[in-house]
Structures are given as structure tokens and as C-alpha cells.
Amino acid sequence: MATRTRRPERRQEPLSRERIVSAAVELLDSVGESGLTFRALAELLATGPGAIYWHVTGKAELLDAATDAVVATAISDAAAISDAAAVSDVALSDAAVSDADGDPTPQEAIRALALGVFDAIDDHPWVGTQLARAPGQSPMLRVFERIGRQVQALQVPEGAHFTAASALLNYILGVAGQNAANARAFPPGTNRTAFLDAAATEWTELDPDQYVFTRSVVDQLRVHDDRVEFLAGIDLILAGITARSWPTTGPRAGERSDEPGA
């Protein structure tokens, strides 16, 4: 009688919070938030729902952890990119070059961070929704903290730190979220060039008296690049922050002054 050779059993990686969160990101990318259930997650991980509950208490915590993982990776990658650009003396902007020590300037760091978050939301559209839904939670605060540190490095007066950092954060999340929403609205396989050409053609047919400006930028619409335009907006905000003469004393916005003539 022939002896049957037993196949070695495949060793399965132990279940951990990190594996669960990674699988959750995979599910969210493929089926969206509505498809993220503990049953689907258990099937993907070849385990039972009860084992998952040992590591996370529910879907809300899982969504937050998945968002935090994506944002943390984006921040880490952005820091590495800006450091590499500084070391190689490759400026991310004509207006922002590395300092004499080879460290990234605040402008470089902000641009790298902004683009990292933009790309993360583009790759994981659900992240934008989660960040907007829980503005006081850890993932949002990670981004705000990094932006705020660079605002401080720009030597913006302390009284304007919140305003400057909030303006950058709101622009980053707003534009990145809208870009991701636009991408989801396109049917699969949509040709971007053809879509922009069709949109531009519609603009040319607008009333020339009511849409003077819109018709004047039709050619720019046809060829624009979303990432390039996004970074141009970051540069505009940074230019305004660094050029503005910030008041160091006096009443805050919305407060009345007792000075004569105020």
C-alpha cells in the first residue's frame, strides 16, 4: 500500500489588530463603507467575528483605526519625500528651497504633506468622508498637528496659528475630498481626456454674456492636471501666509475696538 505524503500545513499569521485594520482597509477600498461588516472581515481573515471583537469593539472603532492607518502612512511617506528632496537639493517649489543645512523648508514640508494626503484620499476615497465626519478624532488631528508645526516654523504670529493652519487643512481636505468624489462619479473605464474635452465643449456653449470668465478658461480646463492645480493652490495659500502683515496686538476678529474712529 502506497504511503500518502502529508502536505505541510500552511502556517497562518496570528490574528492581530494590525492584520484586522489592514484587512478593513482592503475591504473599504473594494466595497466601501457599506460592505465593511464583521462577517465579511471574518471571511477575509479566515476567522470568526468573535475573534475580531477581541481586538476592536465595533465598526466605528474599526473605521477610525483604518483611517488613522492610512493617514499615518501618508504622513510618514510625506516626511520621507520632503527629507529626500532637501538632501538632494531638489526644491518642491520655486518659492521654497531647502535651507543651508539641507533640511526641508516649512513650505516643502507642507507641500509634501498636502500631496500625501491628497493622494491617500484619491487612493482611498472613503478616508475623506471619515475625516470630515470626525474632525476632532486622531486621524484629523495628526494632519492638523503636522501643518501647525510648519506654520510655527514659518514664524506666523502665535495669535494667527489657528487661522493659518485651519486654512491649509480645510483646503487640503476640501479639494482632496471633492477630487475623490468626482472620480467616484465617473463610470468605470471613463477616459479623462475625453471627459474634460466634453466638459470644455459644454462651457464653450454657455451664454457669452453671463459666463465671460468661464468661457475664457476653457482651454485650461481641457489640459489641467488635478495634482498640479492642487499644489498651485497650496502655493497661493502659503504665499499669502508668508506675505501677510499679521497683527501682533489689538482686538481679535469680531471684537470691537474702543479706539476713536474704529
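Residues numbered from 1 in each chain as written. Predicted model: local features only at pLDDT ≥ 70, side-chain atom pairs only at ≥ 80, totals over all residues. Heavy atoms only, no water.

1. Quick look at the overall build of the protein
Regarding its fold elements, the protein presents 12 helices and zero strands. What you see in the protein, going N to C, is helices and strands ordered as α-α-α-α-α-α-α-α-α-α-α-α. Within the span of the protein, comprising 262 residues, buried residues form 35% of the whole. Just so you have it, the protein exposes about 16,600 Å², and 52% of that area is on carbon and sulfur atoms. (Helix = DSSP H or I, 4+ residues; strand = E, 2+ residues; numbered from the N terminus. Buried < 20%, exposed > 50% of the residue type's maximum accessible area, 1.4 Å probe, protein only. Areas by Shrake-Rupley, 256 points an atom, 1.4 Å probe, with all protein chains shown as cover.)

2. Regarding a negative patch on the surface
Together, E26, D29, D122 and D123 give the surface a local cluster of negative charge. Listed by contribution, the elements that provide at least two residues to the negative patch are α1 (17-31) and α5 (106-123). (Patch = residues over 30% accessible without salt bridge, like charges linked within 9 Å, V, L, I, M, F, W, Y side chains within 5 Å. Salt bridge = Lys/Arg side-chain N within 4 Å of Asp/Glu carboxyl O. Lys, Arg positive; Asp, Glu negative; His and termini not counted. Charge placed at Lys NZ, Arg CZ, Asp CG, Glu CD.)

3. Things to note about the packing of α5 against helix α12 (residues 226-243)
When two helices pack together, you describe them by how their axes are tilted relative to each other and by the distance separating the axes. Between α5 and α12, the shortest axis-to-axis distance is 10 Å and the interhelical angle comes to 145°. Our pair here, α5 against α12, has a crossing hand that is right-handed. Contacts from Q107, I110, R111, A114, L115, F118 and D119 of α5 reach α12 at D226, R227, F230, L231, I234, D235, L238 and T242. Of the residues that constitute the contact of α5 with α12, the class distribution is eight nonpolar, two polar and five charged. (Axes fitted to C-alpha atoms, helices over the stretch in contact; angles between N-to-C directions. Left-handed = near helix turned anticlockwise from the far one by under 90°. Contact = heavy atoms within 4.5 Å. Nonpolar A, V, L, I, M, F, W, Y, C, P; charged D, E, K, R; others polar.)

4. Some remarks on the side chain of H124
Counting through the fold element by element, H124 comes out in the loop between α5 and α6 (125-133). There is a polar contact of 2.8 Å between the side chain of H124 and the side chain of D29. Non-local contacts of H124, meaning those with residues more than four positions away in its chain, are made with V25, D29 and V70. (Polar contact = N/O pair within 3.5 Å; in protein donor to acceptor, adjacent residues only side chain to side chain.)

5. A short note on the nonpolar core
Soluble globular proteins: nonpolar side chains tend toward being buried together. Of all hydrophobic cores here, the largest spans 55 residues; its most connected members are L41, I147, F230 and I234. Not counting residues up to four positions away in its chain, the partners in contact with F230 are A114, L115, F118, Y171, I172 and V175. By size, the runner-up hydrophobic cluster in this structure holds five residues, among which are L196, A199, A200 and V218. (Core = buried A, V, L, I, M, F, W, Y, C linked by side-chain atoms within 4.5 Å.)

6. Looking at the packing of aromatic side chains
Counted under the stated rule, the structure contains four aromatic pairs. Here Y171 and F230 contribute two aromatic rings whose centre-to-centre distance is 5.5 Å and whose plane-to-plane angle is 15°, an arrangement assigned as stacked. Of this pair, Y171 sits in helix α8 (residues 161-185) while F230 sits in helix α12, placing them 59 residues apart in sequence. When its relative accessible area of 1% is taken as the criterion, F230 is described as buried. Put simply, the rings of F118, Y171 and F230 pair up and form one aromatic cluster. (Phe/Tyr/Trp six-rings, centres within 6.5 Å; stacked < 30°, edge-to-face > 60°.)

7. Quick look at the environment of V223
With respect to the helices and strands, the residue V223 is situated in helix α11 (residues 218-223). Along the backbone, V223 and A200 are 23 residues apart, and their C-alpha atoms lie at a distance of 9.8 Å.

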